[in-house]
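Fold and geometry: a report
As a plain string of letters, each chain reads:
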Amino acid sequence: MSAYSYGMVGLGTMGCNLVLNMSDHGYSVAGYDKDATKTDALNKLGAGKQIMATTDVKAFVQSLEVPRVIMLLVPAGKIVDYVIADLKPFLSDHDIIIDCGNSHFTDTQIRIDTLVKENLHFMGLGVSGGETGARFGPSIMPGGDVEAYNRVAPMLQAIAAKVNGDACTAYMGNGSAGHYVKMVHNGIEYAIMQLISECYHLLKNYAGLSNDELHQVFDTWSKGKLQSFLMEITAAVFTQNDDAGNGLLIDKIADTAHQKGTGAWMSQDAMNIGYPIPAIDAAVSQRILSSMKAERVAAANTYQIENLQTLTGNKTDFINQLEDALHAGYIISYAQGLAMLQLASDTYKYNVNIATVASIWRGGCIIRAAMLEDITEAFTQQPGLKNLMLAASFQKYLSKEVYSLKGILKTAINQAIPTPALSACMHYYDSYFSAWLPANLIQAQRDFFGAHTYERNDKDGVFHTNWNQIIR
Ligand code: 6PG
């Protein structure tokens, strides 16, 4: 066998499926994993194809065409550095390493800067779409070294998902842009999942819908303006029987959400660069709150809320109102994520094109949704668009849907149904469209207790006042 065109390190489900996807498109791939059960599995699946897998790192590296292209699909964090260290003794100048995991963008930047000094190219590349995406076409978010990108672009285009013939991959920008865009993707994913779960709570506990009715509602929504992968899988969840017992599986799953960190990273960086993304923050916080199960159960036993009611009005009207509210939530979540991404691009000099990002999220990824077509269009028409909520094509919906959202929030608050993401969307919208916010009082307080100074409406400059003292 002549040398393999690509190498893949990490042959878990994602790595293995990406190898098979690449092979389907005519690329020969060598795989490496320390775990022999994984290499054996790939060797079986790859029988008759131009695929081989080994547990021997030297044999792996030496089986590749030079300059080499080695993709990594290993857990984020120190493991990426260990893998690079294992590979390095066998690499030569100009070899390319592509980290396809969910690495933190700051780690990616450090790796780029370190490896370039050793004449190696390093790229951070986000992959979204889970196991099926990896196997049959994910959304791929590559960034960094342009020379390296140009070498692998045809392969990435071949294996990516396609929408109307367009490959769901494109160059995202300089440095760690690929991993940054993937982090933003995941933050929006967290927000939308939280929004849907809040709707589930309202439909189940306030409107009293059965699992079958919940399936019907989500299925109908998935075929309308909320058409999206997350809505489709939500509808499917409400048809899944519990293999281990009676009834549907959903009712047996513990109500404690886990997370691997990408949503929290986005919230942390939003705070660092100074952009508000309250829907994503709320989604991260709510996952944490959900995991405090024992504390919640103990607290619930001490707390009796009075006058809780269930829906007595028209069910269809309520469901339609909720559909509007959720649609507004989707738009506002994309708006927050993309506006933060624009600021990050300016801050970190990524040179990200927001229309391009939206267009490659139209297929393959977890947040793919019909509305991404219109989002792409909005940013293509107006490249300097500050916020998606300002686009006429979205104002058309939002100007009406926010009233549904307000109505839903009143109900939720009265019925003690927590809706932090829906409400964060509402407050973000109301704040964004407020010419005046009460921050003058905050400035007064800051200057009062700390001489932090303030600006005035009526003249330029920075001012400090000797405030009237507290009168008791
Ligand atoms: C994707 C997903 C994926 C994500 C996991 C779990 O785009 O395919 O975003 O990359 O990491 O689905 O994320 P959490 O464990 O943080 O929920």
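Residues numbered from 1 in each chain as written. Predicted model: local features only at pLDDT ≥ 70, side-chain atom pairs only at ≥ 80, totals over all residues. Heavy atoms only, no water.

**Remarks on the site of the ligand**
Just so we agree on the cut-off: Consider each residue's heavy atoms; a residue with any of them within 4 Å of a molecule or strand counts as near. Polar contact is the term for a pair of N or O atoms within 3.5 Å; when the atoms are in protein, one must be able to donate a hydrogen and the other to accept it, and sequence-neighboring residues count only if both atoms are side-chain atoms. The helix and strand labels rest on DSSP assignments: H or I over at least four residues marks a helix, E over at least two residues marks a strand, and numbering proceeds from the N terminus. An automatic or database domain assignment supplies the start and end points of every domain.
Surveying the vicinity of the ligand reveals 13 residues, the closest of which are Ser-128, Lys-182, Glu-189, Tyr-190 and Arg-287. The contact in question runs from an oxygen atom of the ligand to an N or O atom on the side chain of Tyr-190, over 2.5 Å. In terms of residue count, helix 8 (residues 177-206) provides more of the shell around the ligand than any other element does, five residues in total. Taken together, domain 1 (6-171) and domain 2 (182-432) each give at least three residues to the shell around the ligand, which thus spans both.

**Some words on helix 12 (residues 278-291)**
The criterion, for reference: Expected span, for any helix, means 1.5 Å times one less than how many residues it has. Relative accessible area decides the class of each residue, using a 1.4 Å probe on protein chains only: under 20% of the type maximum gives buried, over 50% gives exposed, and in between gives partly exposed. Residue contacts follow a heavy-atom distance rule, with two residues in contact if any of their heavy atoms lie within 4.5 Å.
With 14 residues, helix 12 should cover 20 Å at 1.5 Å per step; its first-to-last C-alpha distance of 20 Å lies within 8% of that length. Of all the positions in helix 12, only Ala-279, Ile-280, Asp-281, Ala-282, Ala-283, Val-284, Gln-286, Arg-287 and Ser-290 are classed as buried. Contacts made by the buried residues of helix 12 are with helix 8, helix 11 (262-273), helix 13 (293-300), helix 14 (315-348) and helix 18 (420-432).

**Brief notes about the domain arrangement of the chain**
Rules: As used here, buried area is the combined drop in accessible area, with a 1.4 Å probe, of two parts when they are placed together.
If you check the domain split of the chain, you get domain 1 (6-171) and domain 2 (182-432). On a C-alpha basis, the centres of domain 1 and domain 2 stand 32 Å from each other. Across the interface of domain 1 and domain 2, roughly 1,500 Å² is buried in total on both sides, 65% from carbon and sulfur atoms. When the area that domain 1 buries against domain 2 is broken down by residue, the three leading residues are Asn-102, Phe-105 and Met-141, summing to 34%.

**Comments concerning the packing of helix 17 (residues 392-414) against helix 18**
Using the following cut-off: Axis geometry follows a simple rule: fit a line to the C-alpha atoms, using only the stretch in contact for helices, then measure angles between N-to-C directions, giving values from 0 to 180 degrees. For classification, angles of less than 35 degrees are called roughly parallel, those exceeding 145 degrees roughly antiparallel, those between 65 and 115 degrees roughly perpendicular, and all remaining angles oblique. In a left-handed crossing the near helix is turned counterclockwise from the far helix by less than a right angle, and in a right-handed crossing that turn is clockwise. The residue classification treats Ala, Val, Leu, Ile, Met, Phe, Trp, Tyr, Cys and Pro as nonpolar and Asp, Glu, Lys and Arg as charged. All others, Gly included, are polar.
Two elements in contact, helix 17 and helix 18, have axes separated by 10 Å at closest approach and are oriented at 130°. When the interaxial angle is binned, helix 17 and helix 18 end up oblique. As for how helix 17 packs across helix 18, the hand of that crossing is left-handed. Facing Gln-395, Leu-398, Ser-399, Val-402, Leu-405, Lys-406, Ile-408 and Leu-409 of helix 17, the residues of helix 18 in contact are Leu-422, Ser-423, Met-426, Tyr-429 and Asp-430. A breakdown of the residues in the contact of helix 17 with helix 18 according to their chemical character gives eight nonpolar, three polar and two charged.

**A word on the nonpolar core**
Test applied: Only buried Ala, Val, Leu, Ile, Met, Phe, Trp, Tyr and Cys residues count toward a nonpolar core, and they belong to the same one when joined by side-chain atoms within 4.5 Å.
Residues Tyr-180, Leu-203, Phe-218, Trp-221, Tyr-334, Trp-361 and Ile-375 are the most contacted members of the largest nonpolar core, which totals 93 residues. With 16 residues, helix 14 is the largest single contributor of residues to this core. If you count residues domain by domain, this core takes at least three from each of domain 1 (6-171) and domain 2 (182-432). Sequence-distant contacts of Tyr-334, that is, excluding residues within four places in its chain, are made with Ile-188, Ile-192, Ile-367, Ala-369, Met-371, Leu-372, Ile-375 and Leu-388. Of all hydrophobic cores here, the second largest spans 33 residues; its members include Tyr-6, Met-8, Leu-42 and Val-152.

**Some details on helix 8**
In an α-helix, one turn spans 3.6 residues; hence positions three or four apart end up facing the same way. Here helix 8 is 30 residues long and its end C-alpha atoms lie 43 Å apart, about the 44 Å a rise of 1.5 Å per residue gives. Among the 30 residues in helix 8, 25 count as buried, and that is most of the element. Just downstream of helix 8 lies Gly-208, where phi reads positive at about 70°.

**Some words on the pattern of salt bridges**
Heads up, the condition is: Think of a salt bridge as a Lys or Arg side-chain nitrogen and an Asp or Glu carboxyl oxygen that are within 4 Å of each other.
In this structure the tally under the stated criterion is 20 salt bridges. For Glu-401, the salt bridge goes to Lys-225, with nearest N and O atoms at 2.7 Å. Of the two residues, Glu-401 is situated in helix 17 and Lys-225 in the loop between helix 9 (211-221) and helix 10 (229-237); the sequence distance between them amounts to 176 residues. Under the relative-accessibility criterion, Glu-401 is labelled buried at 2%.

**Remarks on the pairing of strand 4 (residues 69-72)**
Using the following cut-off: Only strands that DSSP links by at least two bridges are regarded as paired with each other. By convention, a crossover is right-handed whenever its connection, traced from the first strand over the helix to the second and viewed with the strands pointing away, goes clockwise.
Going residue by residue along strand 4, you find Val-69 and Met-71 tucked away on one face and Ile-70 and Leu-72 tucked away on the opposite face as well. For strand 1 (residues 6-9) and strand 4, the ladder comprises three bridges, and the chain directions are parallel. Across the sheet, the residue bridging to Met-8 is Met-71, located in strand 4. With four bridges connecting them, strand 4 and strand 5 (residues 96-99) associate as parallel partners. The residue of strand 5 that forms the bridge with Leu-72 is Asp-99. Each parallel crossover has a hand, and for strand 4 linked through helix 4 (residues 78-87) to strand 5 it is right-handed.

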